[in-house]
Amino acid sequence: MTNQRCDLLIVGAGPAGLAAARAASGRGLKLVLLDDNPLPGGQIWRARAGQVAAEVGQLPADVTLLTQTRVAAVLGTHQLLLEDATGSRLLTFDTLILCTGARELLLPFPGWTLPGVTGAGGLQALIKGGVEVAGERIVVAGTGPLLLACAATARQAGARVALVAEQANRRAVLDFGLGLWRWPNKMRQAVQLATLAYRPGTWVEAALGTDRLEAVRLRQGERHWEVACDRLACGYGLVPNVELAQSLGCTTLDGAVAVDDLQRTAQPHILAAGECTGIGGNELAQATGRIAGLVASDQLEAARAAQPEARAWRRFAAQLAQTFALDPAIARLAQPDTLVCRCEDVALGALVGHADWTQAKLRSRCGMGACQGRICGQATRVLLGWTPPAPRFPLQPTRIDSLLALTEDER
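- By the naming in an unreviewed UniProt entry, the protein chain goes by NADPH-dependent 2,4-dienoyl-CoA reductase/sulfur reductase-like enzyme and is assigned to Pseudomonas oryzihabitans.

### Focus: the nonpolar core
Most often, soluble globular proteins have nonpolar side chains that are buried together.
Part 1 of the argument: Grouped together as the largest cluster of nonpolar side chains are 42 residues, with contacts concentrated most on Phe 109, Val 216, Leu 218, Leu 232 and Tyr 236.
Part 2 of the argument: What Leu 232 contacts, discounting residues up to four positions off in sequence, is Phe 109, Gly 116, Val 117, Thr 118, Val 139, Ala 141, Val 204, Ala 207, Leu 213 and Val 216.
Part 3 of the argument: Judged by nonpolar contacts, the second largest core, of 28 residues, contains Ala 16, Leu 18, Ala 273 and Leu 294.

### Focus: the packing of aromatic side chains
Part 1 of the argument: Using the criterion set out here, one finds four aromatic pairs in the structure.
Part 2 of the argument: Look at Phe 176 and Phe 316: their rings are 6.1 Å apart centre to centre, the planes differ by 45°, and that puts the pair in the tilted class. Of this pair, Phe 176 sits in helix α5 (residues 170–178) while Phe 316 is found in helix α10 (residues 307–323), placing the two residues 140 residues apart along the sequence. Residue Phe 176 shares its accessibility class with Phe 316, and that shared class is buried.
Part 3 of the argument: Aromatic side chains Phe 176 and Phe 324 sit 5.4 Å apart centroid to centroid with 75° between the ring planes, which places their arrangement in the edge-to-face category. Residue Phe 176 is found in helix α5, and its partner Phe 324 is found in the loop between α10 and β20 (339–341); the two are separated by 148 residues along the sequence.
Part 4 of the argument: Given the relative accessible area of 10%, Phe 176 is considered buried.
Part 5 of the argument: Put simply, the rings of Phe 176, Trp 183, Trp 313, Phe 316 and Phe 324 pair up and form one aromatic cluster.

### Some points on the packing of helix α8 (residues 282–296) against α10
Part 1 of the argument: As a packed pair, α8 and α10 sit with axes 9 Å apart at the nearest point and diverge in direction by 145°. α10 is crossed by α8, and the crossing has left-handed handedness. Counting all contacts with α8, which are made through Glu 283, Leu 284, Ala 287, Thr 288, Arg 290 and Ile 291, the residues of α10 involved are Gln 307, Glu 309, Ala 310, Trp 313, Arg 314 and Ala 317.
Part 2 of the argument: Here the residues of the contact of α8 with α10 are counted per class, giving six nonpolar, two polar and four charged.

### Remarks on a nonpolar patch on the surface
Part 1 of the argument: Together, Trp 181, Met 187 and Val 191 make up a nonpolar patch on the protein surface, roughly 350 Å² of accessible area in all.
Part 2 of the argument: Mapping Met 187 onto the fold places it in helix α6 (residues 184–193).
Part 3 of the argument: The exposure class assigned to Met 187 is partly exposed, which follows from its relative accessible area of 33%.

### Let's talk about α10
Part 1 of the argument: Here α10 is 17 residues long and its end C-alpha atoms lie 25 Å apart, about the 24 Å a rise of 1.5 Å per residue gives.
Part 2 of the argument: Among the residues of α10, Gln 307, Ala 310, Trp 313, Phe 316, Ala 317, Leu 320 and Thr 323 are the ones counted as buried.

### Digging into the pattern of salt bridges
Part 1 of the argument: A full pass over the atoms with the stated rule returns 14 salt bridges.
Part 2 of the argument: Residue Glu 205 is joined to Arg 217 by a salt bridge in which the shortest nitrogen-to-oxygen separation is 3.8 Å. You can see Glu 205 sitting in strand β12 (residues 202–208) and its partner Arg 217 sitting in strand β13 (residues 215–220), a full twelve residues away along the chain.
Part 3 of the argument: Each of Arg 5, Asp 7 and Asp 94 takes part in a single network of salt bridges with overlapping partners.

### Brief notes about the pairing of strand β5 (residues 79–84)
Part 1 of the argument: For β5, the buried fraction is high: six of the six residues fall into the buried class.
Part 2 of the argument: Where burial is concerned, the two faces of β5 agree: the one with Gln 79, Leu 81 and Glu 83 and the one with Leu 80, Leu 82 and Asp 84 are both buried.
Part 3 of the argument: Relative to β5, strand β4 (residues 70–76) runs antiparallel, the two sharing five bridges. The residue bridging Gly 76 from the neighbouring strand is Gln 79, located in β5.
Part 4 of the argument: Linking two consecutive strands that pair antiparallel, namely β4 and β5, is a turn of two residues.
Part 5 of the argument: Both β5 and strand β6 (residues 87–98) contribute to a ladder of six bridges, which runs antiparallel. Pairing of Leu 82 across the sheet is with Arg 89, part of β6.
Part 6 of the argument: Counting the residues between successive antiparallel strands, the hairpin from β5 to β6 contains two residues.

Conventions we followed
- Residues numbered from 1 in each chain as written.
- Predicted model: local features only at pLDDT ≥ 70, side-chain atom pairs only at ≥ 80, totals over all residues.
- Heavy atoms only, no water.
- Core = buried A, V, L, I, M, F, W, Y, C linked by side-chain atoms within 4.5 Å.
- Buried < 20%, exposed > 50% of the residue type's maximum accessible area, 1.4 Å probe, protein only.
- Contact = heavy atoms within 4.5 Å.
- Phe/Tyr/Trp six-rings, centres within 6.5 Å; stacked < 30°, edge-to-face > 60°.
- Helix = DSSP H or I, 4+ residues; strand = E, 2+ residues; numbered from the N terminus.
- Axes fitted to C-alpha atoms, helices over the stretch in contact; angles between N-to-C directions.
- Left-handed = near helix turned anticlockwise from the far one by under 90°.
- Nonpolar A, V, L, I, M, F, W, Y, C, P; charged D, E, K, R; others polar.
- Patch = residues over 30% accessible without salt bridge, like charges linked within 9 Å, V, L, I, M, F, W, Y side chains within 5 Å.
- Areas by Shrake-Rupley, 256 points an atom, 1.4 Å probe, with all protein chains shown as cover.
- Salt bridge = Lys/Arg side-chain N within 4 Å of Asp/Glu carboxyl O.
- Expected span 1.5 Å × (residues − 1).
- Pairing = 2+ DSSP bridges.

Right, dumping it as structure tokens:
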């Protein structure tokens, strides 16, 4: 197995990773930027060819970009096992910046496994990937600004958005909107994405249908009603991707990678930036990525000069979290027969009564499927108050020949 080496490795080529690479370039370092998607840009710029080209165009020649490459396992404090379409390799680094982003928080409710039901970000990704939704009737539900962005993407693709159901109450959403003057670009975005279909204080109680989605049952206060639809996009915010950081020995705090004001983690050679350090949006991701890149390339004065921008966007992130905090009623939607672990078909009733995740996993196989607890682990955190499972080797499903090559290298 080949062993590649670099001075600085950046994992994740979204807004944070791209900003980090640009900031660290030109300092005589051998830089590697890797991402598991076909193109850089992350979810935020997925399929926006012009935007991606603009960002990648700013990456100088000293940055090696590895796409469709994923981290399969951690082999030491300075070495990772990578996989791509052609095979596997080892990558040894001196300094690492984690820009691993976030994923959607999907919470179980009756009917959430019906064909036609996806996450809000999931529907965006499907549309950007070429799935045809023209003429379809769509309901978008859950919480946070992603709902409006998802609805806009669906409308641009020719779908009819019947409803955008936001679980946060009307007062909280109104106060949030009135405070957006402190972030003018966010106010412009809100105006551009606004729709008459938006309903605060509303959530989906159940997805209805036999072989696929046919309608959704909604609740707003004491009112209950049904809306016919072809697709439901339902997401309850984002969850930082911290599994790689945990495997490397980094500390987490409130579900995110813990960093200081210069984006340094508990491991002296590892920094982290973007959504994996806390959910805050594209601007915060770029600001923290820039700081991490400057610190990793020994530009400390420039990094400190960039801190005020990051602090301003952290204030926005704090307001975002406060406004769109989950209503406790959302955690009570799942019924005893509602699947929580979709990989292993484990219902909520099979989990209630167990003390923690480990006990439930041993007795029900919850979290033992392909996603390795990434979806159901976060769901049980909200529904049952359990601590999500710790990452294990390998970090995700890995080819047998990659593991065999590791054992051969050890002989």
